[in-house]
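One-letter residues, chain by chain:
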Amino acid sequence: MRVGVKTSAELDDEILRLNGGFYLSSDRVLSEALRDWGGDHVSVADVARCYKGNIFKRIYVDDVEHSRPYISASDLDRTDYWGCRRISTVHGALLNELELRSGTTVITRSGVNLGWGALVRPDLDRVVGSDDLIRVVPNGEEDVGFIGAFLCSPVGRVAIRKYTYATSIKHIEPEHVALVKIPWFTEAERGRIGANFWRAAQNRSESYGLIQEATTLVFDSVGLSDLDEGEWHGLGREVGFVAQPNVHSLRGWNYSVRATALGDRIRGVGHSALEDLVVPGTLKKGPSFTRIDAVPPHSAQLIGQRQLFRYLPEGRQVSRTYLPARAFCKPGTVAIASVGTFGESEVFCRAQLVTERTAKWAYSNHVLRVVGKKGLSGWLYAFLRSRTAFRLLRSIATGSKQQDLHSEMLAKLPVPIADAKTTKAVQELVDKASRLRDEASRLEAEAFREVRALLIGGE
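Calculation criteria
- Residues numbered from 1 in each chain as written.
- Predicted model: local features only at pLDDT ≥ 70, side-chain atom pairs only at ≥ 80, totals over all residues.
- Heavy atoms only, no water.
- Helix = DSSP H or I, 4+ residues; strand = E, 2+ residues; numbered from the N terminus.
- Rg over C-alpha atoms; globule rule 2.2 N^0.38 Å.
- Buried < 20%, exposed > 50% of the residue type's maximum accessible area, 1.4 Å probe, protein only.
- Contact = heavy atoms within 4.5 Å.
- Areas by Shrake-Rupley, 256 points an atom, 1.4 Å probe, with all protein chains shown as cover.
- Lys, Arg positive; Asp, Glu negative; His and termini not counted.
- Charge placed at Lys NZ, Arg CZ, Asp CG, Glu CD.
- Pairing = 2+ DSSP bridges.
- Axes fitted to C-alpha atoms, helices over the stretch in contact; angles between N-to-C directions.
- Parallel < 35°, antiparallel > 145°, perpendicular 65-115°, else oblique.
- Left-handed = near helix turned anticlockwise from the far one by under 90°.
- Nonpolar A, V, L, I, M, F, W, Y, C, P; charged D, E, K, R; others polar.
- Salt bridge = Lys/Arg side-chain N within 4 Å of Asp/Glu carboxyl O.

### Focus on the overall build of the protein
1) Next: The helix and strand tally for the protein stands at 14 helices and 20 strands.
2) Next: Against the 2.2 N^0.38 benchmark of 23 Å for 459 residues, the protein shows a C-alpha radius of gyration of 24 Å, consistent with a compact globule.
3) Next: Overall, the C-alpha framework of the protein stretches about 75 × 55 × 45 Å when taken along its three principal axes.
4) Next: For the protein, with 459 residues in total, the buried portion stands at 53%.
5) Next: Partitioning the intrachain contacts of the protein with sequence separation of at least 6 by distance along the chain shows that 77% fall at a separation of at least 24.
6) Next: For the protein, the exposed area adds up to about 21,600 Å²; of that, 53% sits on carbon and sulfur atoms.
7) Next: The distance from the centre of the 61 positive side-chain charges to the centre of the 55 negative ones in the protein is 6 Å.

Rendered as structure tokens:
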């Protein structure tokens, strides 16, 4: 229990909040700095339009021809966009009204992520967005980056969350966001912050495009094509098929007709077993370790399976004292979420690449490490993140409720191989995408730091 004393003069006169937790939160430092800042302010309503989509009963489908990609707040910070749900076009014109436009800042209006914001990247332009997202559309293009940087920063989130209402499930509304006051720094300061934040969004968009290009090149180089959205489900259900089991498994799931057909496609061209393409002894999960909360610089960011696919993970900071060396991954390692269940939107069997920046994080023991031989890390990532590899990996799952990957079947997973020139081209694409991803995070962090520094005087 936290105990403290606040006088009536210290109560926030902009809202009616009498709950103690609000006034004893560490976020009050930022809130009070924002309130006491002596420069010019504008409200969000002065510089942007705020609105939300209509609430409706959503119908999700797998058929690409009769659906559109649909994202919620939890999807906006994903490093890999494929695998999001698809919403039926039966909703008609409503989907056009829910479209997200590049440069719009969206803010979550309910739930545990309430107040979390993101700038819509160029690659997400015209994607259908959840009605749970408040749209903030700047009046002028010149302030797109700065408005987004402030609202998405820790300071902006605090300013938004103070309008929270309700009990069990917290909410805010567009009219609350419209009331938020933005410190209107000098034109040069706004321009610098906004440029960094918008460039971060562009880098992430370009990075995703390069990774998609790398995956396409992997399949094109051997005369194959990756599964497209919905194609897997179009192959039909598997009921009552006959298969010849081997010594590895008696489970019907491991002899999936659809997955076997995908594997046979790869075995029909130049290919190699996964175990032959990785550093010996590295195709395994990380160690278990004691997790003691700590603060920087004596801590490391702990990355679990869900956090693995976020640009800005908000996991725990754990003490470095208790972290074994193998809790960290070298740049170029392909990290795979290797424990979970089969939900289509779940991360089980999805792959992520460890970059120079993310190599500083500590990874949980549920993350499988795939360390490619020299010059193969990009190729392995480009393949393992594909829809084809995703289905192949899930087909070798073992377990009851919580699934794991069958180690012997994993070692024999077929991977297409191509000539050295193509392999190098894929590596270059992935390397460039990694640099852009890291640079985007640096630019975004710089924008947030400058917002805080201008308010609190360089802290």
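### A few points about helix α6 (residues 154–161)
1) Next: The buried fraction of α6 is high, at six of eight residues.
2) Next: Among all positions of α6, only Val155, Gly156, Arg157, Val158, Ala159 and Ile160 are buried.

### Some thoughts on the sheet that holds strand β16 (residues 362–363)
1) Next: Spatially, β13-β12-β16 is the arrangement adopted by the three strands of the open sheet, whose pairing is mixed. Only two strands of the sheet have a single neighbouring strand rather than two, namely β13 (317–319) and β16.

### Describing the packing of helix α8 (residues 187–220) against helix α14 (residues 420–456)
1) Next: At a closest axis distance of 8 Å, the pairing of α8 and α14 adopts a crossing angle of 160°. With respect to α14, the axis of α8 lies roughly antiparallel. Where α8 crosses over α14, the two elements pack in a sense that is left-handed.
2) Next: Of the residues in the contact of α8 with α14, the class split is 20 nonpolar, five polar and twelve charged.

### Brief notes about the environment of threonine 89
1) Next: Here threonine 89 shows up in the loop between β4 (86–88) and α4 (93–97).
2) Next: Residue threonine 89 is classed as partly exposed on the basis of its relative accessible area of 36%.
3) Next: Between the alpha carbons of threonine 89 and valine 61 there is a distance of 9.3 Å; along the sequence they are 28 residues apart.
4) Next: Residues within four places of threonine 89 in sequence aside, it is in contact with His66, Ser67, Arg68 and Leu95.

### A closer look at the pattern of salt bridges
1) Next: The final tally for this structure, using the stated rule, is 22 salt bridges.
2) Next: Where arginine 68 meets glutamate 99, a salt bridge forms, and the shortest distance between an N and an O atom there is 2.9 Å. Of this pair, arginine 68 sits in strand β3 (residues 67–71) while glutamate 99 sits in the loop between α4 and β5 (105–108), and the two are 31 residues apart along the sequence. The burial state of arginine 68 is the same as that of glutamate 99; both residues are buried.
3) Next: Taking the shortest distance from any N to any O, the salt bridge between aspartate 131 and arginine 109 comes out at 3.8 Å. One end of the pair, aspartate 131, is in the loop between β7 (128–129) and β8 (133–138); the other, arginine 109, is in the loop between β5 and β6 (117–119), with 22 residues separating them in the sequence.
4) Next: What makes arginine 109 buried here is its relative accessible area of 6%.
5) Next: Several salt bridges converge on common partners, so that one network encompasses Arg58, Arg109, Asp131 and Asp132.

### With respect to the sheet that holds β4
1) Next: Taking strand neighbours across the sheet as the criterion, the three strands line up as β4-β3-β7 in an open arrangement whose pairing is mixed. The open sheet terminates on both sides in strands that have one partner only, identified here as β4 and β7.
2) Next: Of the pairings in the sheet, the one linking β3 to β4 comprises three bridges and is antiparallel in character. Note that in β4 the partner of proline 69 across the bridge is arginine 86.

Keep in mind these values describe shape, not function.
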